[in-house]
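# Per-entry structural report
Residues per chain, in single letters:
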Amino acid sequence: MTNTLWQDDHIYAAPDCPAIDADFQRAAEALTEIANLLASLPETRDINALRHLLRAIRRQANAVKAQAWNSQTFAYNRLSRNGRDEAARVLLSRGQQLQARLAQLVKPVALFWLNAPEDQVRALLQDPELFELAYLIRHDRRLQDQALSLESEQLIEGLAVDGLQAWGDLYDSLVARLRPEVAGEPMGLAQADNLLAHPDRARRASAWHGIQAAWAGEQETVAAILNAINGWRNELAAQRGKGRRLDALDLSCHQGHLERTTLETLMAQAEAHKALGRRALRAMACAQGITDFAPWDLYAPAPYGAQASFGFGQALTLVADAFAAFDPEMGEFARMMADRGWIDAAPSDNRRSGAYCTEYADPAEPRVFLTFEGTMDNVITLAHELGHAWHSWLLRDAPLAQRDYPKTLAETASLFAETLVRDALLARAQTREQRLTIAWMDGERVASLLLDIPSRFHFERALVAGRAEGYLGAGQLRAMMKSAKQQWYGDSLSQYDELFWASKGHFSIADLGFYNYPYLFGYLFSLGLYAQKERVGADFVPAYRALLADTGRMSAESLVEKHLGVDIREPAFWQESLHQVEEAVERLERLV
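Values in this document were obtained by computation on a predicted structure and should not be read as measured data.

Along the backbone of the protein chain there are 26 helices and 5 strands. For the protein chain, the C-alpha radius of gyration of 24 Å lies close to 25 Å, the compact-globule estimate for 592 residues. Seen along its three principal axes, the alpha-carbon backbone of the protein chain occupies a region of about 75 × 55 × 50 Å. For the protein chain, the residues scored as buried account for 56% of the 592 residues in total. In the protein chain, the share of contacts with a sequence separation of at least 24, taken over all contacts with a separation of at least 6, comes to 76%. Within the structure as shown, the protein chain displays about 23,800 Å² of accessible surface, and the carbon and sulfur contribution to it stands at 50%. In the protein chain, which carries 61 positive and 78 negative side-chain charges, the distance between the mean positions of the two groups comes to 1 Å.

Tracing the backbone through its elements, the reader meets T551 in the loop between α24 (540-549) and α25 (556-564). Within the structure, T551 has its side chain in polar contact with the side chain of H391 (distance 2.8 Å). Polar side-chain contacts of T551 include one of 2.6 Å to the backbone oxygen of L548. Beyond its immediate stretch of four places on either side in the chain, T551 contacts H391, L395, Y405, P406, L409 and L559.

Take helix α11 (residues 201-216) next. Spanning 16 residues, α11 covers 22 Å between terminal C-alpha atoms, matching the ideal 22 Å at 1.5 Å per step. Buried within α11 we find R204, A205, A207, W208, G210, I211, Q212, A214 and W215. The secondary structure elements touched by the buried residues of α11 are α9 (164-177), β1 (181-182), α10 (189-194), α12 (219-240), α15 (274-288) and α22 (500-503).

What follows deals with the UniProt feature "domain: Oligopeptidase F N-terminal" (unreviewed entry) in the protein chain. Mapped onto this structure's residue numbering, the UniProt feature "domain: Oligopeptidase F N-terminal" (unreviewed entry) falls at residues 114-179. Measuring from the first to the last C-alpha atom of residues 114-179 gives 48 Å, for a span that is 73% helix and 0% strand.

Successive side chains on a regular strand alternate, one facing one side of the sheet and the next facing the other. Alignment of strand β4 (residues 356-359) against strand β5 (residues 366-369), held across 4 bridges, turns out to be antiparallel. Opposite T358, over in β5, you have R367 as the bridge partner. Connecting β4 to the antiparallel partner β5 that follows it, the hairpin turn spans 6 residues.

Attention now goes to the pattern of salt bridges. Following the criterion strictly, the structure yields 45 salt bridges and no others. The shortest N-O distance in the salt bridge between D344 and R351 comes to 2.9 Å. Judged by relative accessible area, D344 falls into the buried class, the value being 0%. Residues joined by salt bridges that share partners form a network here, namely E418, R422, D442, R445 and R587.

Pairing is mixed across the open sheet formed by 3 strands, whose spatial order is β3-β5-β4. Two strands lie at the open edges of the sheet, namely β3 (343-344) and β4, each paired on one side alone. Across 2 bridges, β3 lies against β5 in parallel orientation. The residue bridging D344 from the neighbouring strand is F369, located in β5. Helix-sheet contacts for helix α2 (residues 47-81) involve β3, β4 and β5, and the interaxial angle to β4 is about 150°. Of the strands in this sheet, β3, β4 and β5 touch helix α18 (residues 376-394), which is tilted by about 170° from β5.

Take unusual backbone geometry next. Cis geometry marks the peptide bond from D362 to P363, where omega comes out at 0°. In this structure, P363 sits in the loop between β4 and β5. Look at F514: it is not a glycine, yet its phi comes out positive at around 55°. By the secondary structure assignment, F514 is in the loop between α22 and α23 (517-536).

Right, let's talk about the packing of helix α14 (residues 260-272) against helix α20 (residues 432-469) for a bit. Two numbers describe how α14 lies on α20: the axes approach to 10 Å, and their chain directions differ by 125°. In terms of orientation, α14 and α20 fall into the oblique class. Like other packed secondary-structure pairs, α14 and α20 cross with a definite hand, here left-handed. Across the interface between the two elements, R260, L263, M267 and A270 from α14 touch L450, P454, F457 and R461 from α20. Of the residues contributing to the contact of α14 with α20, the split by class is 6 nonpolar, no polar and 2 charged.

Domains assigned within the protein chain are domain 1 (18-142) and domain 2 (312-434). Once you take the C-alpha centre of each, domain 1 and domain 2 turn out to be 30 Å apart. The interface of domain 1 with domain 2 comprises 19 residues on the first partner and 18 residues on the second. Taking both partners together, domain 1 and domain 2 bury about 1,600 Å²; carbon and sulfur atoms supply 52% of that area. Its largest share of buried area at the contact with domain 2, domain 1 owes to W69, S80 and R81, together 35% of the area lost on that side. Taken together, domain 1 and domain 2 are joined by 1 salt bridge. Seen at the junction of domain 1 and domain 2, the total is 14 residue pairs in polar contact (both at pLDDT 80 or more). With 13 residues, α2 is the single largest residue contributor to the side of domain 1 that touches domain 2.

Our next topic: the environment of L155. Within the secondary structure, L155 is located in helix α8 (residues 150-162). Since its relative accessible area comes to 51%, L155 is described here as exposed.

Our next topic: the packing of aromatic side chains. Summed over the entire model, instances satisfying the criterion amount to 27 aromatic pairs. Relative to W296, the ring of W208 lies with its centre 5.2 Å away and its plane at 55°, an arrangement referred to as tilted. Remark: W296 occurs in the loop between α15 and α16 (312-326) and W208 occurs in helix α11; sequence separation between them is 88 residues. Between W342 and W393 the ring centres are 5.8 Å apart and the planes differ by 55°, which places this aromatic pair in the tilted class. Here the residue W342 occupies a position in the loop between α17 (328-339) and β3, and W393 occupies one in helix α18, the gap between them amounting to 51 residues.

Structurally, R101 can be placed in helix α3 (residues 86-105). On a C-alpha basis, the gap between R101 and Q434 in space is 55 Å, while along the polypeptide they are 333 residues apart.

A separate point is the nonpolar core. Core analysis: the biggest nonpolar cluster contains 104 residues, and I343, L386 and F525 have the highest contact counts within it. Among all residues touching L386, those that are not within four sequence positions of it are L316, V319, F323, F333, A334, M337, I343 and V368. Core analysis: the second largest hydrophobic core is formed by 42 residues, A61, L98, L133 and A134 among them.

Analysis parameters
- Per chain, residues are indexed from 1 in the order of the written sequence.
- Only residues with pLDDT of at least 70 get local features here, since the model is predicted, and only at 80 or more are side-chain atom pairs given and counted; chain-wide, interface and lining totals rely on the full set of residues.
- The side-chain quantities take in all heavy atoms of the structure and omit both hydrogens and water.
- Secondary structure elements follow DSSP: runs of H or I of four or more residues count as helices, runs of E of two or more count as strands, with numbering from the N terminus.
- Based on C-alpha atoms, the radius of gyration is set beside the globule rule, defined as 2.2 Å times the residue count to the power 0.38.
- Think of it in three bands: residues with accessible area under 20% of the maximum for their type are buried, residues over 50% are exposed, and the middle band is partly exposed, with areas taken using a 1.4 Å probe on protein chains only.
- The criterion used for residue contact is that any of the two residues' heavy atoms lie within 4.5 Å.
- Reported accessibility uses the Shrake-Rupley method at a 1.4 Å probe radius. Residues are deemed covered only where the shown protein chains occlude them.
- In this count, Lys and Arg are taken as positive residues and Asp and Glu as negative ones, while His and the chain termini are left out.
- To locate a charge, the coordinates of NZ of Lys, CZ of Arg, CG of Asp or CD of Glu are taken.
- Between N or O atoms, a polar contact is any pair within 3.5 Å; within protein, one atom must be a potential hydrogen donor and the other a potential acceptor, and residues adjacent in sequence are included only when both atoms are from side chains.
- Under the convention used throughout, the expected extent of a helix is 1.5 Å for every residue step, that is, one less than its residue count.
- UniProt positions are given in the numbering used here, feature names are shortened, and annotations may be inferred rather than shown by experiment.
- Criterion used throughout: strands pair if DSSP finds at least two bridges between them.
- For this document, the term salt bridge refers to a Lys or Arg side-chain nitrogen within 4 Å of an Asp or Glu carboxyl oxygen.
- Axis definition: a line fitted to C-alpha atoms, limited for helices to the stretch in contact. Angles are taken between N-to-C directions and run from 0 to 180 degrees.
- Here is the rule for angles: anything less than 35 degrees is roughly parallel, anything more than 145 is roughly antiparallel, 65 through 115 is roughly perpendicular, and the remaining ranges are oblique.
- Definitions for this section: a left-handed crossing has its near helix turned counterclockwise from the far helix by less than a right angle. A right-handed crossing has that turn clockwise.
- Each residue is assigned to one of three groups, with Ala, Val, Leu, Ile, Met, Phe, Trp, Tyr, Cys and Pro labelled nonpolar, Asp, Glu, Lys and Arg labelled charged, and all others, Gly among them, labelled polar.
- Note that the domain bounds reflect an automated or database-derived domain assignment.
- Here's the idea: put two parts together, see how much 1.4 Å probe accessible area each one loses, and the total over both is what we call buried area.
- Only rings of Phe, Tyr and Trp enter the pairing, Trp through its six-membered ring, and a pair is recorded when the two centres are within 6.5 Å. The plane angle decides the type: under 30 degrees is stacked, over 60 is edge-to-face, the rest tilted.
- Joining through side-chain atoms within 4.5 Å is the link that ties buried Ala, Val, Leu, Ile, Met, Phe, Trp, Tyr and Cys residues into a set, and such a set is a nonpolar core.

Written as structure tokens, this is what we have:
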């Protein structure tokens, strides 16, 4: 296998190199300049002078934001590769503190945009540079009544670094140091996770039980993390909602630029079609001759024929060729990611589990992280993360604020990329076994996105409600997780992963709740887009790019209405995508 490592020396040579101190000094000078500019904000009445002042503040703030962004990305990436890199942990904290200091300092500007009279906002946004913020300003003004005093808002930003954010950092540190024991062999969590896709059932079971034992030893710590994060959010919502109380899903939808009606429609359709996920699992169990299908069987490979093993170069070529058949530039981009050292895939000590895509602010360069050990699941994960990276790359020239698109729309490009690769594999499949392998992956995805994701959503709703009543111990969280899994999986599983709340890091993301339904949204939305691709043909490529380019400046509803001409508040759009899901399940059932 050809391993890859990030090549980030042009960003920083090390997390404690002198260039970092110099950049932080420049950021400190910019903060001082912002403070000087802000002194004149309350007295500035002339509209032209106000435009000039707000532009000047924004430019300085963007420079500081880019520095905080870059330093945190560099540090987090280093910690992902080695969770015991203390210099990287120090840099991550410095970046978080800088981000918090900036947020505190420019809070008067944020409150100005929230509270300014509508005619003044309209006049200011006629300025081309300020107009880049128009969508976000309009979006934020919907929560005008949730703002606190300037002093309170600044206090929240300051306390969050060593309060809310610290709990998420603790979880990441925990993941890096866990060493599950699999068949008597201690190993990193990422390596153990990869064994869940092993063809030998006993090996999978050993890995699953090893991971469970590791998390069981830390369950009270993770319970404390979840209680702290959700307790913070509940209290903050209560303080903000003295006049109009918004619940956690209202706030999540606002953060995801999605209407609550759309989310409810989406989840109702998932509930109505959860039998498809159960059918997929039953077909997979039947093919393997398993009567007690268990959590360690969820990612088992197709049972027939030799299990393919891929070198990294081979996997990259497969993904890049599939991308290129759709959009040649997308294929070249995937190869460029590897050529430039923007993918880190080699197993390493103290490596975090999972995969992700991130990016630097300046230069605007994406990065992909995964642990590649040659499985088909690894290939699909590579496609998924490169789909994210392509989305980021298309936005590289956009204003900084518009490059930070909402999570609801973040999973569209990634899941679309997965579908490109699956279809390419299916097109070249010549034997029944090869077609089954692709249908099997589709079945896994159906089960994951119609059962696992909704069960996470169900659990988190219970978590938020339960935390409002008091502290939730590990035993209570296990019971809540079991109940959520049971509601969605039913008897398609012989037992449930009661510790999933501990092992799934999405629940412990400090600044983002309900990072579950965006995957379901992205899955069904990407299928809807894929159907458009088949109908429209070559003209779909520029249309797809245009859609991705708008994700940082439109709500989900407006985006889909503009580019597809449909209303995603209504069930019809989701039902069309779910019809494709049913066809995938039927294909799997025929092949097994």
